[in-house]
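One letter stands for each residue in the lines below.
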Amino acid sequence: MRTIRIIEHVSLDGVIQGPGGPEEDPANGFNHGGWAFPHHDAEGGAAIGKAQGTGFDLLLGRKTYDIFGSYWPKQAGPLADSLNGAKKFVATHRPESLDWGPVEPLGLDIAAGIARVKQAGGPDLIVWGSSTLTPLLIAEGLADEVVLLVFPVMIGRGKRIFSDVAAASELKLLSSKATPSGVVISTYKPAGPMRTGSFSEEPA
């Protein structure tokens, strides 16, 4: 069975849109593209490389697939080679228009499609940049790890990692470290439904 690992660049207020540069998402009215770049350092890059690994497939929402597909084929270097060569499993209602390959649509039932791909075995599945897939994966018990790179910026408007329709749940912290540039890298494991309680119930 494959491991599904979610890796996200996140602002302090939860925005994940356009971290890599203004050219990643120019068509969606987002004016702060490239907000992660000034805080990128060697330690953060190494953490991303370790989390992503050298052999992986990609699990992408359609918008992220289109953004990546318009950007990465024009780039060069080890990361571009890895992303371009990875098989992409895509949540889409327009499978006939998938042209950045190798690629396979997940089908109409996205959760069932992801479960099928996970059960089939193969390299780790890496999720980047999808505010739609991330809460679904956690709610369906399909995500194995969530790696958040939290940047010391507040953006305001933008696509967020968790929408207000995400199911209430808990994540167990596996590790956390800060880079010299102030990015906090935390790895979590989904830990089931959220518990509640009251401080008034604590013994005096």
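Residues numbered from 1 in each chain as written. Predicted model: local features only at pLDDT ≥ 70, side-chain atom pairs only at ≥ 80, totals over all residues. Heavy atoms only, no water.

### With respect to the sheet that holds strand E4 (residues 103-105)
Backbone-to-backbone hydrogen bonds join strands into a sheet, with any given pair of strands oriented parallel or antiparallel. Spatially, E4-E3-E2-E5-E1-E6-E8-E7 is the arrangement adopted by the eight strands of the open sheet, whose pairing is mixed. The sheet terminates laterally at E4 and strand E7 (169-178), the two strands that pair on one side only. For this sheet, the mean angle separating the axes of adjacent strands, direction not counted, is 25°. Where strand E2 (residues 56-61) meets strand E5 (residues 124-128), four bridges bridge the pair, whose relative direction is parallel. (Pairing = 2+ DSSP bridges. Helix = DSSP H or I, 4+ residues; strand = E, 2+ residues; numbered from the N terminus. Axes fitted to C-alpha atoms, helices over the stretch in contact; angles between N-to-C directions.)

### Quick notes on the environment of glycine 44
Looking at where glycine 44 falls in the secondary structure, it is placed in helix H1 (residues 42-52). Sequence separation between glycine 44 and tyrosine 71 is 27 residues, and the spatial gap between their C-alpha atoms is 21 Å. Setting aside chain neighbours within four positions, we find glycine 44 in contact with Leu149, Thr179 and Ile185. (Contact = heavy atoms within 4.5 Å.)

### With respect to helix H2 (residues 62-71)
Every buried residue belonging to H2 is among Arg62, Thr64, Tyr65, Ile67, Phe68 and Tyr71, and all of these are buried. On its buried side, H2 packs onto E2, strand E3 (88-91), E4 and E5. (Buried < 20%, exposed > 50% of the residue type's maximum accessible area, 1.4 Å probe, protein only.)

### Structural notes on the pairing of E2
Counting buried positions along E2 gives six out of six residues, so the element sits mostly inside the fold. Of the two faces of E2, the one holding Phe56, Leu58 and Leu60 and the one holding Asp57, Leu59 and Gly61 are both buried throughout. Two strands pair when backbone bridges link them, and E2 and E3 are joined in this way by four bridges, in the parallel orientation. Looking across to E3, one finds that leucine 60 is bridged to valine 90.

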